[in-house]
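Report on the structure
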Amino acid sequence: MRAISLFSGGLDSTLAAWLVKKQGIEVICLNVDIGFGSTKSKLEHMQNMCDQIGVELRTIDIRDQYLREILFNPKYGYGKNFNPCIDCHGNMFRIAKELMEPWGASFLISGEVVGQRPMSQRRDALDIVTKLSETDDLLLRPLSAKALPPTLPEREGWVDREQLLGITGRSREVQLKLAEEIGLKDFEKPGGGCLLTDENFSKKLAEFVKYDTLEVEDIALLKCGRHLRLPDGAKLVVGRHKEDNEMIDAAITPKYKKIRLLNATGPIAALSANASDADKALAAKITATYGKTQPGQTYEVQVGDEVLKVEPFDSKAPCQEYFINR
């Protein structure tokens, strides 16, 4: 017997997979990549959690489909921020159901807990997700199973309902105790995960789509740096530290020009490729201001193929009026 478990790398999804795996069922943990996982939810972390409970991890990239079909037109709307959680979960479970036959699985598993999240895990929302995904009672929620009607795997005796849990509400006490009992280490604390639930990230995303069509390649740049919108409409992203600089450098596409200081240490930045001359000059000046530079001195800043000579601002205050999240 084999089951597919929807897997985020968080504690709940790890425990849900473990509860079924310990009953002798082979579990494949499926991470569905929509593009908006936080930087904490890296493949290495998910693999570590799967290794600890002895299950296989597989990933599937649906970023393009998610942008085209889910993110901007959710049937059940958004949560507090830019998070269409109900539609998102329904979409993930539908995709997982399509993989059941090719992967030889008999049912699905989810780490959802009744009442834990205000939008997607209300009792009625769980039923909507099941309906959206057309999974019927093939979807087992082991952490809350005893608080829900028995599913097909329980009725058929594939899993023992008595070995499942009946957690409801937002407390993590039961999960934390179980994690300690089975010796789980390095699991993520609650509150991580999808960036679409983050207020600041949602503001950056909403502002971006006012000016441009969001494509898969744009997502990486939204995850790093200071985000500014310049007077003529150009987008500027300036690194805050070494990790940001590396992420920006890797995320630059033909839609952007790379900016760097030539004769001083400073951040890497990305500027809209179609930026006006005025926005280019301002972007160079802002980039220099965030470098190890001195006011009143001239610095060479490379903007794409051009080299501009600029003086940094006397302070960072003038830069901040262009911040998106100010």
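Residues numbered from 1 in each chain as written. Predicted model: local features only at pLDDT ≥ 70, side-chain atom pairs only at ≥ 80, totals over all residues. Heavy atoms only, no water.

**So, the pairing of strand β11 (residues 306-310)**
Side chains on a regular strand alternate between the two faces of the sheet. Rules: By definition, two strands form a pair when at least two bridges between them are found by DSSP. Starting at the N terminus, helices and strands are each numbered in turn, a helix being any DSSP run of H or I of at least four residues and a strand any DSSP run of E of at least two.
Relative to β11, strand β10 (residues 299-303) runs antiparallel, the two being bridged by five bridges. Bridging from a neighbouring strand, Glu-300 pairs with Lys-309 of β11. What sits between the antiparallel neighbours β10 and β11 is a turn of two residues, in which Gly-304 has the positive phi angle 65°.

**Points about the packing of helix α1 (residues 11-21) against helix α7 (residues 173-182)**
We apply this condition: Orientation is described by axes fitted as lines to C-alpha atoms, over the contacting stretch for helices, and by angles from 0 to 180 degrees between their N-to-C directions. Relative orientations are named as follows: roughly parallel for angles under 35 degrees, roughly antiparallel for angles over 145 degrees, roughly perpendicular for angles from 65 to 115 degrees, and oblique for any other angle. Put simply, a crossing is left-handed when the front helix is turned counterclockwise from the back one by less than a right angle, and right-handed when it is turned clockwise. Between two residues, a contact is recorded if the distance between any of their heavy atoms is within 4.5 Å. Note that Gly is not counted as nonpolar here; it falls among the polar residues with everything else outside the nonpolar set of Ala, Val, Leu, Ile, Met, Phe, Trp, Tyr, Cys and Pro and the charged set of Asp, Glu, Lys and Arg.
Two numbers describe how α1 lies on α7: the axes approach to 11 Å, and their chain directions differ by 60°. The angle between the axes of α1 and α7 places the two elements in the oblique class. Judged by the twist between their axes, the crossing of α1 over α7 is left-handed. Contact residues: Leu-11, Asp-12, Leu-15, Trp-18 and Leu-19 in α1; Gln-175, Leu-176, Leu-178, Ala-179 and Ile-182 in α7. Broken down by class, the residue content of the contact of α1 with α7 amounts to eight nonpolar, one polar and one charged.

**What to know about the sheet that holds β11**
Taken together, six strands build an open sheet; the order of strands is β6-β7-β9-β8-β10-β11 and the sheet is antiparallel. Each edge of the open sheet carries a strand with a single partner, namely β6 (226-229) and β11. Going from strand to strand, the sheet's axes swing by 25° on average, the running direction of each strand aside. Bridge count between β6 and strand β7 (residues 235-238): four bridges; the pairing is antiparallel. In the sheet register, Arg-229 faces β7, and the bridge partner there is Lys-235. Contacting β6, β7 and β8 (256-261), helix α8 (residues 199-211) crosses the sheet at an angle of about 35° to β6. Strands in contact with helix α11 (residues 277-289) are β6, β7, β8, β9 (269-272), β10 and β11; relative to β11, the strand with the most contacts, it is inclined by about 65°.

**Concerning the pattern of salt bridges**
Rules: By definition here, a salt bridge exists when the distance from a side-chain nitrogen of Lys or Arg to a carboxyl oxygen of Asp or Glu is within 4 Å. We call a residue buried when its accessible area falls under 20% of the maximum for its residue type, exposed when it is over 50%, and partly exposed in between, using a 1.4 Å probe and counting protein chains only.
Applying the stated rule across the entire model yields 21 salt bridges. For Glu-207, the salt bridge identified is with Arg-229, shortest N-O distance 2.8 Å. Of this pair, Glu-207 sits in helix α8 while Arg-229 sits in strand β6, and the two are 22 residues apart along the sequence. No difference in accessibility class separates Glu-207 from Arg-229, as the two residues are buried. Here Lys-258 makes a salt bridge to Asp-249, at a shortest N to O gap of 3.1 Å.

**Regarding the packing of aromatic side chains**
The criterion, for reference: Two rings belonging to Phe, Tyr or Trp (six-membered ring only in the last case) form a pair when the distance between their centres is within 6.5 Å. Interplanar angles under 30 degrees mark stacking, angles over 60 mark edge-to-face geometry, and anything in between is tilted. Lysine NZ or arginine CZ positioned within 6 Å of the ring centre and within 35 degrees of the ring normal marks a charge as sitting over the ring.
Scanning the entire structure with this criterion turns up five aromatic pairs. By the ring-pair criterion, three or more aromatic residues cluster together here, those being Phe-36, Tyr-66 and Phe-201. Here the guanidinium or amino end of Arg-58 rests over the ring plane of Trp-103, the centre of that ring lying 4.5 Å away. The ring of Tyr-290 has Arg-226 lying over it, and the distance from NZ or CZ to the ring centre is 3.9 Å.

**Concerning the side chain of Lys-204**
Rules: Throughout this description, a polar contact denotes any pair of N or O atoms lying within 3.5 Å of each other; where both atoms belong to protein, one of them has to be capable of donating a hydrogen while the other can accept it, and for residues adjacent in sequence the pair is counted only when both atoms sit in side chains.
Mapped onto the fold, Lys-204 is located in helix α8. Reaching out from Lys-204, the side chain makes a polar contact with the backbone oxygen of Leu-222 at a distance of 3.0 Å.

**Here we look at the sheet that holds strand β5 (residues 139-140)**
Ordered by their spatial adjacency, five strands build an open sheet running β3-β2-β1-β4-β5, and the pairing between neighbours is parallel. Looking at which strands have only one partner, the edges of the open sheet turn out to be β3 (56-61) and β5. Taken together, the two bridges between strand β4 (residues 107-109) and β5 define a ladder with parallel strand orientation. Residue Leu-108 lies in a different strand from β5, and its bridge partner there is Leu-139. In the packing of helix α4 (residues 85-103) onto the sheet, contacts are made with β1 (2-6), β2 (26-33), β3, β4 and β5, and the angle to β1 comes to roughly 155°.

**Focus on α4**
Owing to its 3.6 residues per turn, the α-helix aligns residues three or four sequence positions apart on the same side. As a reminder of what qualifies: A helix is expected to span 1.5 Å multiplied by its residue count minus one.
In a regular helix each residue adds 1.5 Å, so 19 residues correspond to 27 Å; α4 covers 26 Å between its end C-alpha atoms and thus fits that length. With 14 of 19 residues buried, α4 lies mostly within the body of the structure. Directly after α4, the chain includes Gly-104, whose backbone phi takes a positive value near 70°.

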